[in-house]
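Below are the chains, spelled out letter by letter.
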Protein chains: 2
Amino acid sequence: MNENKNKRSFWISTDWEQWPERERARTMNSLSGFKSANLVGTSDKHGLSNLSMVSSVVHLGSSPALLGMVLRPPGANNAHTYKNLISTGQCTYSHVNEAIFLKAHQCSARYPKEVSEFDAVGLTPWLPPGIDWQAPAVAEANIRMGLQLSEDIPLPNGCRFMVCALQWVELPTDACASDGYIAIDQAESLTISGLDGYHQTTSLGRLSYAKVDQPVQVITDRLKGWED
Amino acid sequence: MNENKNKRSFWISTDWEQWPERERARTMNSLSGFKSANLVGTSDKHGLSNLSMVSSVVHLGSSPALLGMVLRPPGANNAHTYKNLISTGQCTYSHVNEAIFLKAHQCSARYPKEVSEFDAVGLTPWLPPGIDWQAPAVAEANIRMGLQLSEDIPLPNGCRFMVCALQWVELPTDACASDGYIAIDQAESLTISGLDGYHQTTSLGRLSYAKVDQPVQVITDRLKGWED
């Protein structure tokens with residue numbers, strides 16, 4: 001029998017400010033909800049590559065196609081990603097899938113600058129064919145894309161919000177619905193909870209565009225898509 | 001037989017710039033990976049409440065506890081959320097679960113300013129006990145929290161990046177691991193793909209803090225947590 005069943009906890013800021021730092025970090029990282037799981041690929045001006053696990057990539061806009069990413073303050077784990085992105089203006093996002101999630105998480109270890117995480121964890125650099133492009137993506141990922149830095153915005157806590165413009169995308173044709181939706185779960189993309197929880201997903205369906213005085217509908221054949 | 005099996009698509013910006021707008025929006029909204037699913041609650045100065053479906057909440061930091069959220073340009077669907085947040089400085093995030101995801105999605109319909117989405121879709125406003133707080137959360141959600149606006153940052157495409165400081169959290173005690181992690185899947189939180197895809201999740205485990213020269217370990221008893 002679980003004595004906590006239906007019991008609820010209520011915390012205010014003076015509570016968590018007294019918690020041990022790592023415990024508080026685990027809690028706070030859990031509260032936003034599920035996160036995207038991307039490997040961010042960059043290279044420095046000499047071609048030395050870097051690969052970093054990032055759970056903060058968000059959609060910003062479609063016209064132009066912009067994505068945002070929160071990076072910790074320079075000096076933290078992903079310092080090489082930040083330096084390379086500032087220096088070359090290029091990065092890639094590769095969706096993490098079940099076959100590579102242990103290797104992806106291992107990229108968070110503090111490897112020295114001269115070590116490429118591709119070599120250290122055993123992933124393969126991938127460059128798009130037929131275009132001039134330097135930052136490597138991950139060959140073992142199913143969905144990958146290249147981006148150009150557009151803006152580097154300081155946040156009040158010292159983090160940076162990196163706004164990047166999409167340049168190219170490479171993905172399984174199978175996962176592309178007729179109406180533009182991409183079934184990222186069918187491409188085996190994972191999602192993250194907190195600092196270290198990895199999850200597969202099961203679709204509950206896609207919902208129709210919400211309108212006043214009309215109940216939302218569910219479609220189960222997600223690749224068929226909605227007609228405009 | 002599926003002729004697209006193993007076939008891959010490659011797009012560059014001049015490709016998608018020619019697509020119909022809604023098709024491009026569906027694709028671009030899919031590329032960041034899985035998203036958080038939150039209902040954002042606000043009220044205006046007269047106490048009229050608003051509830052908005054938002055898939056762009058991200059973790060920013062733990063000390064202080066900060067979360068970010070991308071809002072469309074004022075004038076778009078979530079204009080009331082933006083105006084209320086600017087005017088009162090308060091909002092709530094309530095995690096969307098399976099019992100309420102149809103109602104949550106329905107909040108995206110363009111209800112007039114004088115209509116509360118709580119009433120329109122059939123959800124119940126909830127206020128935290130014992131503290132002075134105006135912005136309503138969702139009673140039917142399992143995880144909910146209150147935030148104070150900290151910074152309103154303009155993005156290059158006209159969107160706003162709202163930095164908010166966490167003030168309180170209310171959640172199931174059962175979902176809280178001994179090391180601070182919160183099992184948001186056990187609290188039935190959902191994740192979103194694209195503009196309209198809702199998903200449950202299945203845990204693959206939690207992974208140990210990554211260290212150079214040490215393989216990552218998986219724990220399956222996630223509520224036990226990692227010892228520091």
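Residues numbered from 1 in each chain as written. Chains lettered and ligands numbered in written order. Predicted model: local features only at pLDDT ≥ 70, side-chain atom pairs only at ≥ 80, totals over all residues. Heavy atoms only, no water.

Undergrad: I would appreciate a short explanation of the overall build of chain A in the present structure.
TA: Helix and strand content of chain A: 5 helices and 14 strands. Every one of the 228 residues in chain A was classed for burial, and the buried ones make up 60%. Within chain A, contacts between residues at least 6 apart in sequence are counted, and of these 60% link residues at least 24 apart. Accessible area for chain A stands at about 9300 Å²; split by element, carbon and sulfur atoms hold 48% of it. Here chain A contributes 19 positively and 24 negatively charged side chains, and the mean placements of these two sets differ by 6 Å. (Helix = DSSP H or I, 4+ residues; strand = E, 2+ residues; numbered from the N terminus. Buried < 20%, exposed > 50% of the residue type's maximum accessible area, 1.4 Å probe, protein only. Contact = heavy atoms within 4.5 Å. Areas by Shrake-Rupley, 256 points an atom, 1.4 Å probe, with all protein chains shown as cover. Lys, Arg positive; Asp, Glu negative; His and termini not counted. Charge placed at Lys NZ, Arg CZ, Asp CG, Glu CD.)

Undergrad: What is the right way to read the relation of the copies chain A and chain B from this model?
TA: Applying a rotation about an axis and a shift along it to one chain copy brings it onto the other copy. Between the two copies, chain A and chain B, the superposition gives an RMSD of 0.0 Å; the rotation angle is 180° and the shift along the axis is 0.0 Å. Overall, the copies show the geometry of a two-fold rotation axis. Every residue of chain A has its C-alpha some distance from the rotation axis, and the shortest such distance is that of T201 of chain A, at 2.1 Å. When the interface residues of chain A are mapped onto chain B, 100% of them again lie at the interface, so the same face is used by both copies. (Least-squares fit on C-alpha atoms with pLDDT ≥ 70 in both.)

Undergrad: Would you take a moment to explain the pairing of strand 5 (residues 58–62) of chain B for this structure?
TA: The two faces of a sheet get side chains in turn, since along a regular strand they alternate between them. All names here are of chain B. Most of strand 5 sits inside the fold, with 5 of its 5 residues counted as buried. Across 4 bridges, strand 5 lies against strand 6 (residues 65–71) in antiparallel orientation. Its bridge partner lying in strand 6, H59 is registered against L67. Hairpin connection from strand 5 to strand 6: 2 residues lie between these consecutive antiparallel strands. (Pairing = 2+ DSSP bridges.)

Undergrad: Would you explain the interface of chain A and chain B in this entry?
TA: How big an interface is tends to be expressed through the accessible area that disappears when the partners come together. Taken residue by residue, the interface counts 112 residues in chain A and 112 residues in chain B. Applying the counting criterion to the chain A and chain B interface returns 6 salt bridges. Residue D179 of chain B pairs with R26 of chain A through a salt bridge whose shortest N-O separation is 3.4 Å. At the junction of chain A with chain B, the criterion picks out 50 residue pairs in polar contact (both at pLDDT 80 or more). At 11 residues, the largest contribution of residues to the side of chain A that touches chain B is made by strand 13 (residues 197–207) of chain A. Summarising the sheet, strand 1 (residues 8–12) of chain A and strand 11 (residues 160–172) of chain B pair through 5 bridges and their orientation is antiparallel. Within the sheet, the bridge partner assigned to W11 of chain A lies in strand 11 of chain B and is V169 of chain B. (Salt bridge = Lys/Arg side-chain N within 4 Å of Asp/Glu carboxyl O. Polar contact = N/O pair within 3.5 Å; in protein donor to acceptor, adjacent residues only side chain to side chain.)

Undergrad: Hey, could you run me through the side chain of N84 of chain A in this one?
TA: Residues and elements named next belong to chain A. In this structure, N84 sits in helix 3 (residues 79–88). By relative accessible area, which is 3% here, N84 ends up buried. Those residues in contact with N84 that sit more than four places away from it in its chain are T42, S43, D44, L48, N50, G89 and K113.

Undergrad: Looking at this model, I keep getting lost on unusual backbone geometry. Mind explaining?
TA: All names here are of chain A. Look at the link from S63 to P64: it is a cis peptide, with omega at 5°. Inspection of the secondary structure puts P64 in the loop between strand 5 (58–62) and strand 6 (65–71). Even without being glycine, E188 reaches a positive phi, approximately 70°. Of note, E188 is situated in the loop between strand 11 (160–172) and strand 12 (191–193).

Undergrad: Just to check I follow, could you spell out the pattern of salt bridges for this structure?
TA: Close approach of charged atoms allows side chains of opposite charge to pair. Under the counting rule described, the total for this entry stands at 16 salt bridges over all chains. Note that R222 of chain B is salt-bridged to D185 of chain B, the shortest N-O span being 3.0 Å. Here R222 of chain B is found in the segment after strand 14 (218–219), whereas its partner D185 of chain B is found in the loop between strand 11 and strand 12 (191–193), with 37 residues between them in sequence. As far as burial versus exposure is concerned, R222 of chain B and D185 of chain B are alike and both buried. Sharing partners across several salt bridges, the network here consists of R26 and D196 of chain A together with D179 and R206 of chain B.

Undergrad: Looking at this structure, I do not really get the confidence of the model for chain A. What am I missing?
TA: Of all residues in chain A, 97% have pLDDT values of 70 or greater, and the mean over the chain is 95. Predicted complex metrics record ipTM = 0.96 and pTM = 0.96. (pLDDT = per-residue confidence, 0-100.)

Undergrad: Hey, could you run me through the environment of L48 of chain A in this one?
TA: All names here are of chain A. Mapped onto the secondary structure, L48 falls in the loop between strand 3 (38–43) and strand 4 (49–54). Between the C-alpha atoms of L48 and K5, which are 43 residues apart in sequence, the distance is 52 Å. In contact with L48, other than residues within four places in its own chain, are T42, S43, N84, K113, E114 and S116.

Undergrad: I would appreciate a short explanation of empty space enclosed by the protein in the present structure.
TA: Remark: the empty space left among the atoms is shown by a probe the size of a water molecule rolled over them. All names here are of chain B. Enumeration over the complete set of coordinates arrives at 1 cavity of 30 Å³ or more. Volume-wise, the largest cavity comes out at about 30 Å³. Around the largest cavity, the lining residues are L48, S49, N50, H80, N84, K113 and V115. Breaking the lining of the largest cavity down by element, the ones donating at least two residues are strand 4 (49–54) and helix 3 (79–88). Taken together, the residues that form the lining of the largest cavity break down as 2 nonpolar, 4 polar and 1 charged. (1 Å grid on protein atoms, 1.4 Å probe; cavity = no way out; pocket = protein on both sides within 12 Å on 5 of 7 lines; lining within 4 Å. Points joined across faces, edges and corners; volume = space filled by probe spheres on them. Nonpolar A, V, L, I, M, F, W, Y, C, P; charged D, E, K, R; others polar.)

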